Amino acid sequence: MGLAQNVVFGLVTGSYIAIAAIGFTLIYGIVNMINFAYGEYLTIGAFTGVLAAGALPLPLAALAAMVGGGVASLLLAWAFFTPINDTGPVPMLLTSIGLGLVLRNAIRIAAGQGARYYDTTTSTFHLRGLPDLSVGSVDLLGNFFVTSRMLVVVGCAVAVFLVLHALLTRTDIGIAMRAMGDDESLARVRGIDTQFVRNAVWVLAGVLAGLAGVLIGIQTNVNVTTGFSHILQILAAAILGGAGSPYGAIAGSYVIGLVVALSTAFLPSSMTGLSSAMAFLVLVVVLLVKPSGIAGTEVREA
Amino acid sequence: MANEGHVNRRTFLKVAGGSGLAATAGCIGLGGDSGGTIVLGQPAAQTGQWDFLQPGVSQATDVAIQQINDAGGPLGNELELQRRDTGVDPNEARSVTTQLIENDDAVAILGLFSSEINPLWDFLQEQETPVVTPWPGSNFLDTNGGDHDTPDDLSDDEWVWRTVISDTVHTAGAALRALDQDHDTVGVINGTTEGARSWADGFIEAFEANDGTIAERIEVEQEQSSYQSALDRLFGNDFSAFAVSMPLESATTLLSDWADGEYGRKPILSDPLAQPDLASQVGSALDGAWAASPGQSGPGYDTFESAYQDGGDAEINAWTPPAWDVVNVTALAIERAGEASAEAIEQNLGPVTRGDGTEVSTFEEGQQALEDGDEINYQGAATPVDFTGFGNVVGSVVINEVQGDSFEQVETIPAEDIQEFVPEGEY
């Protein structure tokens, strides 16, 4: 059993989660709400992408999904969240749960039964002949392979991290986001248009959800539960990393991805169906040891 | 002048009360009277992981009901179907079953999957309403359900009947074929749903009983974005074929991962996976993979097929002919009972399918025979529908193999060849 191969699988899974978790945690950090409807944003992106892929090349379809996700996120925020900005995190959390239910069923009615698939081809690259480096039954290296699909996912994730880092550190809007994340009142006193920044966060989160939805759709399929079935992993990654911190969300996502992959590979065979549960066990243990999560932003509100 | 053009309160109450009474009488079972409506309830998989199978089952149900109503209906009443979505979720199934029985006044339930029946077993017994279903393969039902061959005595009845053969039967067919093809050692990967586990359990039991060896069995959660870790682990073992039992969408992801990883070896698929979508999505790597499915070799299959083709364009799957049988056998039970109550249907499901009565394959034929004073033996579309004491049926198994973008039937294993896996008294 090769450790390196399973690390590759974990990194790929972590990349899907990371792209979505960044958007999720930005909403938490700046709008100050846990958005349980965020899974449906992924689904909207996945459906937009699969529809666009019928007429456009896949990269342009992915771009259309990102634009669609951003627009949908902003419109939903204006309709449901902006009017209750000042009511606090709990009413917004409850609203998001209700919105998620409504969106899921609306998509179910509009999109109908069954899954849709992106038409893609995959190439596989094998790396063989690596030296044997065994510890017990585990080969630390071992032969492994990557597919073009895996490389695209990891490549997209890395691109997102770089663009996000540049945005947060090199642009006025990014610096304003970080300022609002630290102290909204102080940011407002310093002349930052906080509503504009909130809108920018909604758009950015929607764009990332759209991209994550397309990538998950390419790997699996597009159906009404595409996003919903991943929301717990996204939430866990964001909290594990330190809710509100995009860098923490990236770290948390890869921890979740690696734990899921490695627990499937190395748990007793009767427990392989519990790999997701193992990821949550790690979340609980980390929060017991370091309640503020990996990046240090403690969760004190819903 | 104030009351002109208005209905006074007394008149309103009379009309409303009378209308309510009439409406109620029209909705409930009407005993032996004719000209009313008999409601049958159908919990359905209109959403969820098995929704791709529902269109065929819905179409078969609808055309069967239409044909029965065209023949005058049971006891001269019109059959009405109430279909409600459960998403194959046990909690939702419980609510839907309650609604169908309590609100819709359904006298029989024509559905429910293994994943719903097993956790709701005690609840279903409390309802004392027959559940006649085309769906469940679970081997739990091998020795649970039916009337225990005492149709008149309701005290030992377990109220669940199925017109599809058990996983025990067709997984035995899959195991026998795997061994025939010299796959002495296989791997198994299955999902965590009741149906997926039941298939894997049945396959492993039959395979090992015939001296086959299971190299490793791995359980995985549904709806994962990747199954590569599980595949990497499974293929670390030495075997020549591997069995897959999961819902279609998850299996498509898993087998696409398998094709991408170029793991090789022969896939043996659980029966719900014999779908063209799977073959077209996974591609040429899946060529030669096969699934053992319940056969569609009942004596009444041709009758079913000609009616079905006129009812729409949904594809026929392994659960479609059993759905036709469910409606016909229930309607015949009402006709024989002379009343449309849950108890009467329960007491007559066995008698219209067993014994030496006149063989009939449609409701109309059965109705005529019963009017002539004969006993009847319904001959179904999927199987002969000779209900055992546990409410089970026995039938053949067909092997469907992936050839290009579709599954083609390549072999039929007769019921007699796998009879040893369903010993009398234990099925």
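Since the structure is predicted, the reported quantities are computational estimates derived from the model, not experimental observations.

Chemist: Provide a residue-level description of the overall build of chain A, including the pertinent values.
Modeler: Secondary structure summary: chain A contains 11 helices and four strands in total. Here the C-alpha atoms of chain A give a radius of gyration of 20 Å, agreeing with the 19 Å that 2.2 N^0.38 yields for 302 residues. With the principal axes as the frame, chain A shows a C-alpha extent of 60 × 50 × 40 Å.

Chemist: Please give an account of the overall build of chain B that cites residues and values.
Modeler: Scanning chain B from N- to C-terminus turns up 14 helices and 13 strands. Computed over the C-alpha atoms, the radius of gyration of chain B is 23 Å, within 12% of the 22 Å expected from 2.2 N^0.38 for a compact globule of 427 residues. In terms of principal-axis extent, the alpha carbons of chain B reach across some 90 × 60 × 40 Å. Put simply, chain B has 427 residues, and 57% of those count as buried. Contacts in chain B between residues at least 24 apart in sequence constitute 74% of all its contacts with a sequence separation of at least 6.

Chemist: Talk me through the domain arrangement of chain B; I want residue IDs and the actual numbers.
Modeler: Residue and element names in this part refer to chain B. The assigned domain composition of chain B is domain 1 (30–164 + 297–378) and domain 2 (167–294 + 396–421). Using only C-alpha atoms to locate each centre, domain 1 and domain 2 end up separated by 30 Å. Taken residue by residue, the interface counts 15 residues in domain 1 and 20 residues in domain 2. Looking at the side of domain 1 that touches domain 2 residue by residue, the classes come out as six nonpolar, eight polar and one charged.

Chemist: So what's going on with the packing of helix H1 (residues 3–31) of chain A against helix H10 (residues 246–266) of chain A? Residues and values would help.
Modeler: All names here are of chain A. One can describe the packing of H1 onto H10 by two numbers: an axis separation of 7 Å at closest approach and a directional angle of 145 degrees. Like other packed secondary-structure pairs, H1 and H10 cross with a definite hand, here right-handed. Looking at the contact of H1 with H10 residue by residue, the classes come out as 18 nonpolar, eight polar and no charged.

Chemist: Describe the nonpolar core, listing the residues and the values that go with them.
Modeler: Phe203, Phe242, Val244, Leu255 and Val329 of chain B are the most contacted members of the largest nonpolar core, which has 120 residues in total. Here this core takes 10 residues from helix H12 (residues 320–337) of chain B, the largest share from any one element. In this structure, this core is formed jointly by two domains, domain 1 (30–164 + 297–378) and domain 2 (167–294 + 396–421) of chain B, each of which donates at least three residues. For leucine 255 of chain B, the contacting residues outside a window of four places in its chain are Val244, Pro267, Leu278, Val282 and Leu286 of chain B. By size, the runner-up hydrophobic cluster in this structure holds 95 residues, among which are Ala62, Ala157, Ala238 and Ala295 of chain A.

Chemist: An account of the interface of chain A and chain B is requested, with residue identities and associated values reported.
Modeler: Tallying the contact residues gives 32 residues for chain A and 26 residues for chain B. At the level of secondary structure, the elements contributing two or more residues to the side of chain A that touches chain B comprise H1, strand S4 (144–147), helix H8 (194–219), H10 and helix H11 (275–289) of chain A. Considering each element in turn, the side of chain A that touches chain B owes the most residues, six residues, to H1 of chain A. Of the residues belonging to the side of chain A that touches chain B, the class tally is 10 nonpolar, 20 polar and two charged.

Chemist: Summarise the packing of helix H2 (residues 38–52) of chain A against H8 of chain A; cite the residues concerned and give the values.
Modeler: Residue and element names in this part refer to chain A. Where H2 meets H8, the closest approach of the two axes is 7 Å, and the angle between their N-to-C directions is 65 degrees. In this structure, H2 meets H8 at a crossing whose hand is right-handed. Here Tyr38, Tyr41, Leu42, Thr43, Gly45, Ala46, Thr48, Gly49 and Val50 of H2 lie close against H8, whose contacting residues are Gly206, Ala209, Gly210, Leu211, Ala212, Gly213, Val214, Ile216 and Gly217. By residue class, the composition of the contact of H2 with H8 is 10 nonpolar, eight polar and no charged.

Chemist: An account of helix H3 (residues 90–103) of chain B is needed here, citing residue identities and associated values.
Modeler: One turn of the α-helix equals 3.6 residues, which is why residues spaced by three or four share an orientation. Here H3 of chain B contains 14 residues, and its C-alpha end-to-end distance of 19 Å stays within 8% of the 20 Å for a straight helix at 1.5 Å per residue. Phi for aspartate 105 of chain B, located one or two positions after H3 of chain B, is positive at around 60 degrees.

Chemist: Break down unusual backbone geometry for me, with residues and values.
Modeler: Residue and element names in this part refer to chain B. Not every positive phi belongs to a glycine, and glutamate 223 is a case in point at roughly 60 degrees. On the secondary structure map, glutamate 223 appears in the loop between strand S6 (213–219) and helix H8 (228–234). In this structure, glutamate 262 takes a positive phi of about 50 degrees despite not being glycine. Looking at the secondary structure, you find glutamate 262 in the loop between helix H9 (248–261) and strand S8 (266–269).

Chemist: Residues and numbers for the environment of isoleucine 192 of chain A, please.
Modeler: All names here are of chain A. Mapped onto the fold, isoleucine 192 is located in the loop between helix H7 (184–189) and H8. Along the backbone, isoleucine 192 and methionine 180 are 12 residues apart, and their C-alpha atoms lie at a distance of 8.5 Å. Contacts of isoleucine 192, omitting those with residues within four sequence positions, involve Ala176, Ala179, Met180, Ala187 and Val197.

Chemist: Residues and numbers for the sheet that holds strand S13 (residues 406–413) of chain B, please.
Modeler: All names here are of chain B. Reading across the sheet, the seven strands line up as S6-S5-S7-S8-S9-S12-S13 and stay open at both edges, with mixed pairing between neighbours. Every other strand in the sheet has two partners, leaving S6 and S13 as the edge strands with one partner each. If you compare each strand with its neighbour and ignore which way they point, the axes differ by 25 degrees on average. In this structure, S8 lies alongside strand S9 (residues 290–294), joined through two bridges in parallel fashion. Residue pairing in the sheet places isoleucine 268 in a bridge with tryptophan 290 of S9.

Chemist: Outline the pairing of strand S5 (residues 185–190) of chain B, supporting the account with residue identities and numerical values.
Modeler: Residues and elements named next belong to chain B. Buried residues dominate S5, accounting for five of its six residues. Sheet analysis places S5 next to S6, joined by six bridges and oriented parallel. Counted as the bridge partner of isoleucine 189 is isoleucine 218 from S6. After leaving S5, the chain enters helix H7 (residues 194–209) and then returns to the sheet as S6, a path that is right-handed. Sheet analysis places S5 next to strand S7 (residues 241–245), joined by five bridges and oriented parallel.

Chemist: An account of H11 of chain A is requested, with residue identities and associated values reported.
Modeler: All names here are of chain A. Relative to the 21 Å expected for 15 residues at 1.5 Å per residue, H11 spans 21 Å between its end C-alpha atoms, a close match to the ideal helical length. Ser275, Ala279 and Leu283 are the residues of H11 that are buried. Down the axis of H11, the sector holding all buried residues measures 105 degrees, keeping them to one side. The exposed set on the far side of H11, more than 90 degrees from its buried face, consists of Val284, Val285 and Leu288. Tucked inside the fold, the buried residues of H11 contact helix H9 (231–241) and H10.

Chemist: An account of the environment of leucine 3 of chain A is needed here, citing residue identities and associated values.
Modeler: All names here are of chain A. As for its position among the elements, leucine 3 is in helix H1. The sequence separation of leucine 3 and alanine 166 amounts to 163 residues, and the corresponding C-alpha distance is 33 Å. For leucine 3, the contacting residues outside a window of four places in its chain are Val138, Asp139 and Leu140.

Parameters and conventions
Residues numbered from 1 in each chain as written. Chains lettered and ligands numbered in written order. Predicted model: local features only at pLDDT ≥ 70, side-chain atom pairs only at ≥ 80, totals over all residues. Helix = DSSP H or I, 4+ residues; strand = E, 2+ residues; numbered from the N terminus. Rg over C-alpha atoms; globule rule 2.2 N^0.38 Å. Buried ≥ 20, exposed ≤ 12 C-beta atoms within 10 Å, placed from the backbone. Contact = placed C-beta atoms within 7 Å. Domains from an automatic or database assignment. Nonpolar A, V, L, I, M, F, W, Y, C, P; charged D, E, K, R; others polar. Axes fitted to C-alpha atoms, helices over the stretch in contact; angles between N-to-C directions. Left-handed = near helix turned anticlockwise from the far one by under 90°. Core = buried A, V, L, I, M, F, W, Y, C linked by C-beta atoms within 7 Å. Expected span 1.5 Å × (residues − 1). Pairing = 2+ DSSP bridges. Right-handed = clockwise from strand over helix to strand, strands pointing away. Arc of directions from axis to C-beta.

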